[in-house]
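The primary structure of each chain is shown beneath.
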Amino acid sequence: MPKPLLGQWRQELYQLFNIDAVEARAGIGGFDGDGVFLIGREAAGSPRGRDALLLSDEFDLVVIDEAHEVFRGRPQAL
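How each quantity is defined
Per chain, the residues get numbers from 1 upward, laid out in the order the sequence is written. Totals for whole chains, interfaces and linings use all residues, but because this is a predicted model, local features are given only for residues with pLDDT of at least 70 and pairs of side-chain atoms are given and counted only at 80 or more. Computation of side-chain values covers all heavy atoms of the structure but excludes hydrogens and water. Helical segments are the DSSP runs of H or I of at least four residues, strand segments are the runs of E of at least two, and each set is numbered from the N terminus. Buried means the residue's accessible area, taken with a 1.4 Å probe over protein chains only, is under 20% of the maximum for its type, while exposed means over 50%, and partly exposed covers the values in between. What makes two residues a contact is simply this: any of their non-hydrogen atoms within 4.5 Å. In this description, accessible areas are obtained by the Shrake-Rupley approach with a 1.4 Å probe, and a residue is regarded as covered only by the protein chains that are shown. A helix's residues, less one, multiplied by 1.5 Å, set its expected span. Patch members must show over 30% relative accessible area and no salt bridge, and they are joined within 9 Å when carrying like charges or within 5 Å when they are nonpolar side chains of Val, Leu, Ile, Met, Phe, Trp or Tyr. When a carboxyl oxygen of Asp or Glu lies within 4 Å of a side-chain nitrogen of Lys or Arg, that pair is called a salt bridge.

Asks: Hey, could you go over the overall build of the chain for me, with residue numbers and the actual values?
Replies: Within the chain, the secondary structure is distributed over four helices and two strands. Mapped in sequence order, the helices and strands of the chain form the string α-β-β-α-α-α. Residue burial in the chain is summarised as follows: out of 78 residues, 23% are buried. The contacts of the chain with a sequence gap of at least 6 include a subset with a gap of at least 24, amounting to 41%. When the accessible surface of the chain is summed, it comes to about 6300 Å², and 53% of that surface belongs to carbon and sulfur atoms.

Asks: Talk me through helix H1 (residues 6–17); I want residue IDs and the actual numbers.
Replies: For H1, built from twelve residues, the straight-helix expectation of 16 Å at 1.5 Å per residue is met to within 8% by its first-to-last C-alpha distance of 16 Å. Just downstream of H1, Asn18 is the residue with a positive phi angle, here 55°.

Asks: Summarise a nonpolar patch on the surface; cite the residues concerned and give the values.
Replies: Together, Leu53, Phe59, Val62 and Ile64 give the surface a local cluster of nonpolar side chains, amounting to about 350 Å² of exposed area. For Ile64, the position within the fold is in the loop between helix H3 (47–55) and helix H4 (67–70).

Asks: I'd love a proper account of unusual backbone geometry, names of residues and values included.
Replies: Of note, Asn18 is a non-glycine position whose phi angle comes to about 55°, a positive value. Take Asn18: it is sitting in the loop between H1 and strand S1 (22–23). According to the relative accessible area criterion, Asn18 is exposed, its value standing at 57%.

Here you go:
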């Protein structure tokens, strides 16, 4: 998600579902532990964010807000 939306997502997850999400760090260990993690697309798309995602445990669910921004200009998968 865009960084400006991190706070909104965190607030809504807590208010609507009593989920206390934390902002992940872009870097190794950024997704360590249990819980719900939020990360901005700029951080996730950085080399350190890429490493953090690749080295993390598997996720049960991933939600990409503003996904059209992530895939803009890339060929669609068949």
